[in-house]
Amino acid sequence: MMRKNGAAMAALAEAFPLTLPIFAGFWFLAFAYGFYMNTLGFSWVYPMAMAAIIFGGSLEFVTISMLLSSFAPIETFVVAFTVQARHLFYGIPMLEKYAGTGWKKPFLIYMMCDETFALNYSATIPYSIDKGWFYFWVSLLNFLYWCSGAAIGGLLGGLISFDTKGLSFVMTTMFLVIFLEQWMKEKKHYTALIGLSSSIGSLLLFGKENFILPAMGLMLLIMTLYRKPLEKKGGF
């Protein structure tokens, strides 16, 4: 028991500093989300519960308009599936990383989000740190950041007012920093270049509203077809 507690605490100490940029971004956006729901007449319980159950930033913002619209379960399902379908793509490369995590695996799957995927997939974990606990703490901390920010925004929404325009760019900046850090760690940049070219090509072909799924599908296809050559060249 003492050894397990020590491994868990060591992993927490390793994971916590890496999640601080996500904390800053999540709290800005989640606070704005909770605040916005409050201005529309929703109790603070709604943003807190939706943050914990849905745990999908973009979908949660879309859900606000769904709650204010007429009952349309089929359309709601289609929209929710489309918005969150990217999880199907980045869940696949995490199967190997999450293998052998035992009881933590269901929680790791449930608490997966864009930022958690980016951090858990790209993090360089020291050999002395238990990977399962590291993945767990990254996932849990990010989950708590988002839920607490939404709850606080909902609670304080009736007390203060400010212009939230432009806050969403915080997350774009954070992803750019993560990408640059990963670029600097890699000796060869095959996968990064595949990602960039797939995204730019899909953006030009399908437009900014519809490019995400085609881009992820193209990335998955290319990396699946050329995985062995890329591994030999040290591209993964």
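Quantities reported herein were computed from a predicted structural model and do not represent experimental measurements.

Q: Mind laying out the nonpolar core, listing which residues take part and the relevant values?
A: One recurring pattern in soluble globular proteins is that nonpolar side chains are buried together. Counting 39 residues, the largest nonpolar core has Phe134, Trp137 and Trp146 as the members making the most contacts within it. Of all elements in the fold, only α1 (2–39), α2 (45–53), α8 (114–122) and α9 (131–156) reach the threshold of two or more residues within this core. Sort the elements by how many residues they give to this core and α9 lands first, with 12 residues. In this structure Trp137 touches Ala8, Met9, Ala11, Leu12 and Ala15, once residues within four positions along its chain are discounted.

Q: Explain the environment of Trp137 to me, and be specific about the residues and the numbers.
A: Among the secondary structure elements, Trp137 is positioned in helix α9. Sequence separation of Trp137 and Phe16 is 121 residues, and the distance between their C-alpha atoms is 7.5 Å.

Q: So what about unusual backbone geometry? Which residues, and what values?
A: One non-glycine residue, Phe55, lies in the positive phi region at around 45 degrees. Along the chain, Phe55 falls in the loop between α2 and α3 (57–67). What makes Phe55 buried here is its relative accessible area of 5%.

Q: If you had to explain the packing of aromatic side chains to someone new, which residues and values would you point to?
A: Applying the stated criterion to the full structure yields 18 aromatic pairs. Between the aromatic rings of Phe26 and Trp146, the centroid separation amounts to 5.3 Å while the plane-to-plane angle is 75 degrees, which identifies the pairing as edge-to-face. With a gap of 120 residues between them, Phe26 in helix α1 and Trp146 in helix α9 connect regions that are remote in the sequence. The exposure class of Phe26 is buried, given its relative accessible area of 4%. Owing to a relative accessible area of 3%, Trp146 belongs among the buried residues under this scheme. Each residue in the set Trp103, Phe107, Trp133, Phe136 and Trp137 is aromatic and connected to the rest through ring pairs, giving one cluster. Sitting over the face of the ring of Trp133, Lys104 holds its NZ or CZ atom 4.5 Å from the ring centroid.

Q: An account of the environment of Ile152 is needed here, citing residue identities and associated values.
A: You can see Ile152 is positioned in helix α9. Remark: the alpha-carbon pair of Ile152 and Phe31, spanning 121 residues in sequence, is separated by 6.4 Å. Setting aside residues no more than four positions away along its own chain, Ile152 makes contact with Trp27 and Phe31.

Q: Please give an account of α3 that cites residues and values.
A: Considered for burial, the residues of α3 that qualify are Leu59, Glu60, Thr63 and Ile64. For α3, the arc enclosing every buried residue in end-on projection is 160 degrees, short of the 170-degree limit, so these residues lie on one face.

Q: Please set out a nonpolar patch on the surface residue by residue, giving values where relevant.
A: The grouping of Tyr36, Leu40, Trp44, Val45, Tyr46, Met48, Phe61, Leu67, Leu68, Leu155, Leu156 and Leu159 at the surface amounts to a nonpolar patch, some 1,100 Å² of accessible area in total. Those elements that place two or more of their residues in the nonpolar patch are α2, α3 and α9. For the nonpolar patch, the element with the highest residue contribution is α2, accounting for 3 residues. Looking at where Met48 falls in the secondary structure, it is placed in helix α2.

Q: I'd like a description of the packing of helix α11 (residues 190–206) against helix α12 (residues 212–225), backed by residues and values.
A: A pair of packed helices is characterised by two quantities: the angle between their axes and the separation of those axes. Closest axis-to-axis distance for the α11/α12 pair is 8 Å, and the angle between their directions is 140 degrees. Every pair of crossing elements has a handedness; the one defined by α11 and α12 is right-handed. When α11 is examined against α12, the residues Thr191, Ile194, Gly195, Ser198, Ser199, Ser202 and Phe206 are found in contact with a partner set consisting of Pro214, Ala215, Leu218, Met219, Ile222 and Met223. Across the contact of α11 with α12, the residue classes tally to 8 nonpolar, 5 polar and no charged.

Q: Could you give an account of the packing of α3 against helix α4 (residues 73–84), with specific residues and numbers?
A: Contact pair α3 / α4: the axes reach a minimum separation of 10 Å and the direction vectors enclose 165 degrees. Taken together, α3 and α4 sit at an angle that is classed as roughly antiparallel. Taken as a pair, α3 and α4 cross one another with a handedness that is right-handed. Two secondary-structure elements touch here, α3 through Ser58, Leu59, Val62 and Met66 and α4 through Thr76, Val79, Ala80, Val83 and Gln84. The class makeup of the residues in the contact of α3 with α4 is 6 nonpolar, 3 polar and no charged.

Q: An account of the side chain of Ser139 is requested, with residue identities and associated values reported.
A: Along the chain, Ser139 turns up in helix α9. Within the structure, Ser139 has its side chain in polar contact with the backbone oxygen of Tyr135 (distance 2.8 Å). When sequence neighbours within four positions are dropped, the list of residues in contact with Ser139 reads Tyr98, Leu108, Met111, Thr116 and Asn120.

Quick notes on the rules
- Residues numbered from 1 in each chain as written.
- Predicted model: local features only at pLDDT ≥ 70, side-chain atom pairs only at ≥ 80, totals over all residues.
- Heavy atoms only, no water.
- Core = buried A, V, L, I, M, F, W, Y, C linked by side-chain atoms within 4.5 Å.
- Buried < 20%, exposed > 50% of the residue type's maximum accessible area, 1.4 Å probe, protein only.
- Helix = DSSP H or I, 4+ residues; strand = E, 2+ residues; numbered from the N terminus.
- Contact = heavy atoms within 4.5 Å.
- Phe/Tyr/Trp six-rings, centres within 6.5 Å; stacked < 30°, edge-to-face > 60°.
- Lys NZ or Arg CZ within 6 Å of the ring centre and 35° of its normal.
- Arc of directions from axis to C-beta.
- Patch = residues over 30% accessible without salt bridge, like charges linked within 9 Å, V, L, I, M, F, W, Y side chains within 5 Å.
- Areas by Shrake-Rupley, 256 points an atom, 1.4 Å probe, with all protein chains shown as cover.
- Salt bridge = Lys/Arg side-chain N within 4 Å of Asp/Glu carboxyl O.
- Axes fitted to C-alpha atoms, helices over the stretch in contact; angles between N-to-C directions.
- Left-handed = near helix turned anticlockwise from the far one by under 90°.
- Nonpolar A, V, L, I, M, F, W, Y, C, P; charged D, E, K, R; others polar.
- Parallel < 35°, antiparallel > 145°, perpendicular 65-115°, else oblique.
- Polar contact = N/O pair within 3.5 Å; in protein donor to acceptor, adjacent residues only side chain to side chain.

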